[in-house]
Amino acid sequence: METATENGGTTGPVVAIDGPVASGKTSVGRAVAERMGFRFLDTGIMYRAVTWLAIKLSVNIDDSDAVGQLAESCEMSLVGDDPADLIVVDGHPLTAEDLASTQVDRNVSAVAASSPVRRALVEQQRAIASAGGIVMVGRDIGSVVLTDADVKLYVDASPEERARRRFRQQKENGTDADYEQALADTIMRDLLDSQRADSPLTVPDDAVVIDTEHMDFEQSVATVMSEISTATSDITSPEVTRR
């Protein structure tokens, strides 16, 4: 798929990267987008922002309709005034620490399982991707949101390795961290994400699976970039991207 611009050129491919929590899809996807000159969207922060707002406003997380109404009515911007901000929701600039809090971690899967919430956010995600030249990461990008993406990747690692990564991230963010709890939370989130009725976490039939278990960050980035270049050589070649 080549996306036309006003001057008749192309903006580049649409890349969908899915995977479970702490698989590395977000950090790797962001680095790949920067190095290849594409836009980047981590759809997970949209669900995390709604979760954060629901907790702040004491909205019952288990009330799917109420959380869905919140997602539909809240104002969300992906660029904050401060470089540390990841997203602004209803005037609240949220940082990585806000979005990775223990409360958000333990409730985001339930929010993401809400059909009203997904309907409200998926349309926004498709509109953003329609201009092309983007790496979009999440849990249902290739299977639901962007089924006609040029490249579909599924980034994975064992629950134990992903829990170790989450544990390290929580410590770096200054939050109370416990590996055994991180592992239990990871396993529970995998269960919730894969068994939800609406857009469950799954490996798209035409996705390339990349196991990052024994890869460091640079190896993961290089592997993803190689897969994108191979799959979209006609789109990502210099002759096209410099138009």
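Residues numbered from 1 in each chain as written. Predicted model: local features only at pLDDT ≥ 70, side-chain atom pairs only at ≥ 80, totals over all residues. Heavy atoms only, no water.

**Overview of the sheet that holds strand E1 (residues 14–18)**
Moving on, step 1. Taken in spatial order, the 5 strands of this open sheet run E2-E6-E1-E7-E8, and their pairing is parallel. Of all the strands in the sheet, the pair left with one neighbour each is strand E2 (39–42) and strand E8 (208–211). For this sheet, the mean inter-axis angle between neighbouring strands, taken without regard to orientation, is 20°.
Moving on, step 2. In this structure, E1 lies alongside strand E7 (residues 151–156), joined through 4 bridges in parallel fashion. In the sheet register, Ile17 faces E7, and the bridge partner there is Leu153. (Pairing = 2+ DSSP bridges. Helix = DSSP H or I, 4+ residues; strand = E, 2+ residues; numbered from the N terminus. Axes fitted to C-alpha atoms, helices over the stretch in contact; angles between N-to-C directions.)

**Side note on the pattern of salt bridges**
Moving on, step 1. For the coordinates displayed, the defined rule picks out 13 salt bridges.
Moving on, step 2. In this structure, Arg106 and Asp185 form a salt bridge, with 3.5 Å as the shortest nitrogen-oxygen distance. Of this pair, Arg106 sits in helix H5 (residues 102–112) while Asp185 is found in helix H9 (residues 179–195), placing the two residues 79 residues apart along the sequence.
Moving on, step 3. The residue Arg164 makes a salt bridge to Glu161 at a minimum N-O spacing of 3.1 Å. With Arg164 and Glu161 both in helix H8 (residues 159–172) and 3 residues apart, this pair spans about one turn of that helix.
Moving on, step 4. Salt bridges sharing common partners tie together Arg48, Asp105, Arg166 and Arg189. (Salt bridge = Lys/Arg side-chain N within 4 Å of Asp/Glu carboxyl O.)

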